[in-house]
Every structure is written in structure tokens, then in C-alpha cells.
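# Remarks on the overall topology
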Amino acid sequence: MAEFLQSFIWVSLAGFTISLFLPRKNEGAISYISFSTVGIHLAGILSFIFLWILNGSSTLDIKHTTLYKTGNVEIFIDFLFDSTTAVFALIGSLLTLLVLVFSRYYMHRDGGFKRFFVTVLFFFLGYNLIIFSGNFETLFVGWEILGICSFLLIAFYRDRYLPVKNSIKVISVYRLADACLILAMWMSHHLWHENITFLKLNNSSLVQSQIQSHYSIALFITLMVILAAIIKSAQLPFSSWLPRAMEGPTTSSAIFYGSLSVHLGAFLLLRTYPFWQQVSVVKIFVLGMGVATALIATGISMVQSTVKTQIAYSSVAQIGIIFIEIALGFHTLALIHFAGNAFLRTYQLLVSPSVMSYLIHDQFYNFSPSSRTERTRLLKKINYTFYTLCIKEWNIDFLLQKFLWNPFKEAGKKLKFITQWPVILLFVIFYAVGVYFFIVRTNETYPILPGLFSIIALAFILKAFTDRGDASKTWLLISASQFLFALSVSLNESFDFIEILMYLSGGIISSVAGFACLLKVKSIDKDISLNKFHGYTYEQPAIGLLFLLACLGMVAFPITPAFLGFDLLLTYIHHDQVALIALTGLFYIFIELAVLRIYCRVFLGQHKKPYHAMAFRSS
């Protein structure tokens, strides 16, 4: 039966691909393809689960294809099916189909009807890649797809200020989770010396022996996995991104942040549980985080003024309890809890507009003030303090901004000298020296040069991340940083040049395409500064789409060989090179934020021309 696992991915991919070529105004065909894709998937998963149970419910695993293989590295796609996969796949298919049917009427005659359905089908593909993944590489492909789909659906009303702003906020937190997961993959290669599958992680004796002999490495991997799960499921202190994500259409909020996407952190914990259950400190950490999130998020949800944010924090509180259940080993209960919470939050979000109108009507005719209760002075102080903290959402968003992002923004603002010609010339000379060392070396390594080039690459990215000047010049900074990063890893270890070229191939094509798009837009009115939103997607939708694809290629999204190249380059960073991997992780985070910031500023937001209709600030 394992060979049929691939068919669920192919069905999702076929539906997404067909939907790309359908006419934008043909709502019937778009919705029919969407219903057919998810309906066939649902029927297939029901039949598969029935036959799987009849055959003994054993764990299935199949190696689909090898993407790249050398003497010590093999990157391959692997699929796995067990009870966790069965529950998540069944719930995912059923809820996606229900939401798509609802969206057929909810999004009727909306200008972004096709864009919405295409993005949801792309999300469905990424979701299935995660659910059926048998190793970290396969899971990470789906993880990346979900991240960009979240960005696109939050910024769905792209002519409005807040949806675009919040899409960048959410993708910045998502990118932090991506970096944690890729660091876990990097260290996992050094621990196992292979592309370990989740099936092998179920071998308790093998896992126990590795943890005992490499405890610090195992602890690092588990902490990175746990942190990625916490961020993805909006647990404390990363809960504030979830209500901001509600700026998208209500139907996308239901499928993403009410039911499926927000529970993938719990799925990651379930999938990697055989590994981190051996580390008691991690189990205590997950328990503590789940308890804190459940209590604080419940309080915040009770004082929210909007129904969507109330539902969002209520869902976060329930996921905190699911984290507790997973840490205690009650996995069947956690799966039941996931199903119940997913159905409830989807229903609540879909009916929330109607419920609000009913409640307002009822309050108008049947309002009665609540009775006062006598309390002591101490109880009043405690109650008012907790109420104020919950109203302010415990200042979580402010604290994240101040201590996580602002230090990098301040560093970027102090790097204005980078764009001055003497400094650029100095960098060119320095880079030429690095290339010379790379060409003439034999088996020698240069321990200082990789760190220096990584620092310069990160400096370029931070400058681009905070730059308010011309977008085309900022794009060139980002392009140069790609070559600096590739050279830094190349000088760290001897390996095949084809692997460097594999990483740079996506960047080179994307750099040229993106720069051409920016020059085309600049030729319209000579102004593409990053100090404001330009909204060129109104008049140049094709160029906007091409530039978005160029952005994805720049960040090693799984549409170019750069995705494989980046994974390969990471394997040549040694497990004890803490500074180099930290710089690489920061580079990985901020390069996506920098390119998507350019996309948002140039192509999204309210169009600067006054003859376009003025959009609402929020959705």
C-alpha cells in the first residue's frame, strides 16, 4: 500500500497546476476544479484508511525519489503514513472541501476570486507534503509552501494598508520558525550522518544511544524543533501574530488559523516525539509553555473587542492544552482534541458575521446590565491588573518588537556607509581576494575568511532590510549578499563546485529577473523608493507576479535548485562552528524579509496615483 501514498501529493499538485491556467473570470471552472481536487483527495484518503485498517494498521514508509546524492550526502523525498497522518489528512481534506464550498459563494464576484482558490490549493499541496512527510527535507518543502501561502492570503486585500503590513509581520515570525527547523536539519545531519527518516526515529534503542553519546547535539535539535512548533502554533511568547493574520478573508482565516495551519506545530511535536521524549528537560519545557499559553491566552480572548481575535486566542489556548497532552504522552487524546478544536474554530469563524448581527439585534432589544458582586480591595486589584494585562495582550507584540527585531533594525540603519562607492570598491577587492583563495587552495582551510564574508553578507542584508532608498539599488545589495554567503561556505570546506553553482543558479536568474522588473516599473514615473507603498500591482499585475517569483527564487524557495544547494551548503558547516551557523541563520531569516519588503512596498498597498479608488485601511 505504501506506493499509493504518492498519489495524494500528485492529486493536490494536479489540481493546483490546472487552476493556474483557468480564465480569471470563469468562477464555475475554478471552483469545480477546486472541489474536484479536494473531493477526490477526501474519497481517496477515506478508502485508503479503510484498507489500511483492514491490513493491520502498520506504519507505512516509502522513499519516493532521490533529488541529489554524493558520497556522504543524500537528499530524498520520503513519505510516511500512520495514525497521526490518517487523522490530519482526513480532517484536512474534509475541512478544506467545506471551506472551498463556502468560499464559492462568499468570494463570488470578488476581484481576487481565482487568486484565492489558487492559493488555497497551493496551501493544500503544502499541507499534504507536511502530513505525509517521512523526513525533515520533505516536511520542510511543505513548511515553506505554507509560509508563502500565509503571506499571500493575509495580504489578499493588497490595496489596504493593514493587511499588507500584517503579512510582513506574520512572515517575519514564520521565517524564524523556518530558520529553527533548518538548523535542526543541519545538526541532524551531523548527529546521524545521514538523512534520517521519522520511521528510524521510532527505534528507541538507536535514539537512546545517540542521545547518551551526543547529549548536547540532541538537546540543540530538540530545542530547535520545539521552538519551530511553538512559533507555528502561536504559543507564548509568539502568540501575537495570530490575530494579526486575521486580516485575510474570513474563509482563509478559518482554514489557516482556525483549523489546519495553526495545528501543524502540534503535528511536528507528534512526529518527532520519539526523539525528544528521551530529553526530560524538553518535556518540562513543553509542559510549562502549554500551561502558560492556555492560561494567558484564555484571559486575552475574554476581553477582545473583535470576534476574530477572540476566536484566535481561544484556539491558541486549546492548542496549549494539546501541547500538554502530547508532552504527557496522551497522543490519541491530542488527536481527538485537534479534530474537535479544528471543527469548532472553522465553524465559529465561518458563522461569526451572522452571529455578530444576531447578538447586536438581541442586545438592542433585550439588554440588561450585569449584577454587581461585592469583592475585597485585594481581589479588585488583582482582577483589574489581570484585565489590563489581557487588554494589552500582555505587551507580547511590543516586547517581541523591542527585543527581537529592533536591535537588527538599528544595526541596519547604522550601515548607511555600505552604499558609498569607496566602501563598495573595497568590498569588490575583498571579494576578489576571497575568490582567489577559493581557486588556488588545495586542501587548506581559512578559518577567519568564512566568518568575515558571512558578516559582510549579513551586513548587506540588514542594510537592505532597513533601506528607504531606491528599490533597484537595494535589490543589488541582496544579490551581492548571495555571492558573499556562497563564498563564505566555500572557503569553510572543500566540496564540489557544482553544489555552489546549484545554490547560485536560482539566485542569479532571480536577481536578473527581479532587477529587470524593478527597472520596468521605475521607467513609468522614475520613483520606486522604499519610503512608501506604490501599489503597482494595479497597473502591472504581470510584472508583479514575475517579481514575486523572483523573490521566491532569491530565498531558495523549492522552485529552483537553490533549495537543494542551500541544504547542501549547510552540511559543510561543522557542528562546532557556532558563530558561522548563527550568521547563516540570521542571513536566512532576513534575506526573505528584505525581498518581500521590496515586493510589498513597490507592488502592494494603496496605489500612489490619485485616480485609483481609496481603499479602506483594514479589511
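Residues numbered from 1 in each chain as written. Predicted model: local features only at pLDDT ≥ 70, side-chain atom pairs only at ≥ 80, totals over all residues. Heavy atoms only, no water.

Okay, the overall build of the protein next. The number of helices and strands found in the protein is 24 helices and two strands. Relative to its length of 619 residues, the protein is compact, with a C-alpha radius of gyration of 25 Å against a globular reference of 25 Å. Looking at the protein as a whole, 57% of its 619 residues qualify as buried. The contacts of the protein with a sequence gap of at least 6 include a subset with a gap of at least 24, amounting to 80%. Both charge centroids of the protein, one from 44 positive and one from 31 negative side chains, sit 12 Å from each other. (Helix = DSSP H or I, 4+ residues; strand = E, 2+ residues; numbered from the N terminus. Rg over C-alpha atoms; globule rule 2.2 N^0.38 Å. Buried < 20%, exposed > 50% of the residue type's maximum accessible area, 1.4 Å probe, protein only. Contact = heavy atoms within 4.5 Å. Lys, Arg positive; Asp, Glu negative; His and termini not counted. Charge placed at Lys NZ, Arg CZ, Asp CG, Glu CD.)

Taken N-terminus to C-terminus, the directions of helix α5 (residues 136–154) and helix α9 (residues 215–232) make an angle of 25°; their axes are 14 Å apart at the nearest point. The pairing of α5 with α9 is recorded here as roughly parallel in orientation. Of the two possible hands of crossing, α5 and α9 adopt the one that is left-handed. Together, Phe136, Trp143, Leu146 and Gly147 of α5 and Val225, Ala228 and Lys232 of α9 make up the contact between the two elements. (Axes fitted to C-alpha atoms, helices over the stretch in contact; angles between N-to-C directions. Parallel < 35°, antiparallel > 145°, perpendicular 65-115°, else oblique. Left-handed = near helix turned anticlockwise from the far one by under 90°.)

Okay, the packing of aromatic side chains next. Considering all chains together, one arrives at 41 aromatic pairs under this definition. Where phenylalanine 8 meets phenylalanine 48, the ring centres are 5.6 Å apart and the plane angle is 90°; that geometry is what we call edge-to-face. Taken as a pair, phenylalanine 8 in helix α1 (residues 5–20) and phenylalanine 48 in helix α2 (residues 27–54) lie far apart in primary sequence, 40 residues in all. Take phenylalanine 8: its relative accessible area is 6%, and that puts it in the buried class. When the ring of phenylalanine 88 is compared with that of phenylalanine 267, the centres are 5.1 Å apart and the planes differ by 70°; the resulting orientation is edge-to-face. Of this pair, phenylalanine 88 sits in helix α3 (residues 83–106) while phenylalanine 267 sits in helix α12 (residues 264–276), and the two are 179 residues apart along the sequence. A residue is classified by how much of its surface remains accessible, and phenylalanine 88, at 1% relative accessible area, is buried. You can call phenylalanine 267 buried: its relative accessible area is 1%. (Phe/Tyr/Trp six-rings, centres within 6.5 Å; stacked < 30°, edge-to-face > 60°.)

So, on to the nonpolar core. Here is a general trend for soluble globular proteins: nonpolar side chains tend to be buried in one another's company. In terms of nonpolar packing, the biggest core is built from 218 residues, with Phe81, Phe132, Trp241 and Val602 touching the most fellow members. Top contributing element to this core by residue count: helix α6 (residues 161–192), with 18 residues. Contact partners of valine 602, with chain neighbours within four places excluded, come to Ala471, Leu518, Val521, Ile528, Leu530, His534, Gly535 and Tyr536. (Core = buried A, V, L, I, M, F, W, Y, C linked by side-chain atoms within 4.5 Å.)

Side-chain positions along a regular strand alternate between the two faces of the sheet. Relative to strand β2 (residues 74–81), strand β1 (residues 60–69) runs antiparallel, the two being bridged by eight bridges. Considered in β2, the bridge of aspartate 61 is made with leucine 80. Where β1 hands over to β2, the hairpin turn is made up of four residues, counted between the paired strands. (Pairing = 2+ DSSP bridges.)

What follows concerns the side chain of asparagine 166. Take asparagine 166: it is sitting in helix α6. Excluding anything up to four places from it in sequence, asparagine 166 contacts Ile154, Arg244 and Glu247.

On the surface, Leu545, Leu546, Leu549 and Ile559 cluster together to form a nonpolar patch covering roughly 360 Å² of accessible area. Topologically, isoleucine 559 is positioned in the loop between α22 (541–554) and α23 (562–571). (Patch = residues over 30% accessible without salt bridge, like charges linked within 9 Å, V, L, I, M, F, W, Y side chains within 5 Å. Areas by Shrake-Rupley, 256 points an atom, 1.4 Å probe, with all protein chains shown as cover. Salt bridge = Lys/Arg side-chain N within 4 Å of Asp/Glu carboxyl O.)

Our next topic: the packing of α6 against α9. With their axes 8 Å apart at the nearest point, α6 and α9 run at an angle of 155° to one another. Comparing the axis directions of α6 and α9 gives the class roughly antiparallel. In terms of crossing hand, the pair formed by α6 and α9 is left-handed. Contact residues: Val173, Tyr174, Leu176, Ala177, Cys180, Leu181, Leu183, Ala184, Trp186, Met187, Ser188 and Leu191 in α6; Ile217, Phe220, Ile221, Met224, Val225, Leu227, Ala228, Ile231 and Lys232 in α9. Split by residue class, the contact of α6 with α9 holds 19 nonpolar, one polar and one charged. (Nonpolar A, V, L, I, M, F, W, Y, C, P; charged D, E, K, R; others polar.)

Let us look at the pairing of β2. Among the eight residues in β2, eight count as buried, and that is most of the element. By the alternation rule, side chains of β2 split into Glu74, Phe76, Asp78 and Leu80 and Ile75, Ile77, Phe79 and Phe81, which are all buried.

This part is about the confidence of the model for the protein. When pLDDT is averaged across the protein, the result is 87; 95% of the residues are at 70 or more. Mean pLDDT per element in the protein: helix α18 (residues 421–440) is the minimum at 82, and helix α4 (residues 113–131) is the maximum at 93. (pLDDT = per-residue confidence, 0-100.)

For the rest of this paragraph, the subject is unusual backbone geometry. Leucine 236 connects to proline 237 through a cis peptide bond whose omega is 0°. By the element assignment, proline 237 lies in the loop between α9 and α10 (241–244). Positioned with a positive phi, alanine 234 is a non-glycine residue whose angle comes to about 60°. Looking at the secondary structure, you find alanine 234 in the loop between α9 and α10.

Further remarks concern the environment of phenylalanine 267. Sequence separation between phenylalanine 267 and glutamine 235 is 32 residues; the distance between their C-alpha atoms is 14 Å. Residue contacts for phenylalanine 267: discarding those within four places in its chain leaves Thr84, Phe88, Ile130, Ile131 and Leu139.

So, on to the pattern of salt bridges. Scanning the entire structure with this criterion turns up 13 salt bridges. Two residues, lysine 532 and aspartate 527, come together in a salt bridge whose shortest N-O distance is 3.5 Å. With a relative accessible area of 22%, aspartate 527 lands in the partly exposed category. Through salt bridges that share partners, Glu144, Arg175, Asp178 and Glu592 make up one connected network.

This part takes up helix α11 (residues 250–259). Across the 10 residues that make up α11, a large majority, 10, are buried. Burial in α11 covers these residues: Thr250, Thr251, Ser252, Ser253, Ala254, Ile255, Phe256, Tyr257, Gly258 and Ser259.

Take the side chain of serine 352 next. Of note, serine 352 is situated in helix α15 (residues 331–366). A residue is classified by how much of its surface remains accessible, and serine 352, at 5% relative accessible area, is buried. A polar contact of 2.8 Å, which involves the side chain of serine 352, links it to the backbone oxygen of leucine 349. For serine 352, the contacting residues outside a window of four places in its chain are Thr250, Val307 and Ile311. (Polar contact = N/O pair within 3.5 Å; in protein donor to acceptor, adjacent residues only side chain to side chain.)

This part takes up the environment of methionine 302. The residue methionine 302 is located in helix α13 (residues 280–302) in this model. Classification of methionine 302 as exposed rests on a relative accessible area of 65%. Along the backbone, methionine 302 and cysteine 551 are 249 residues apart, and their C-alpha atoms lie at a distance of 40 Å.

Let's shift gears to the state of the cysteines. Taken as a whole and judged by the stated rule, the model has zero disulfides. Left without a disulfide partner, cysteine 149 is nearest to the cysteine sulfur of cysteine 600, which lies 15 Å away. A relative accessible area of 0% means that cysteine 149 is categorised as buried. (Disulfide = S-S within 2.5 Å.)

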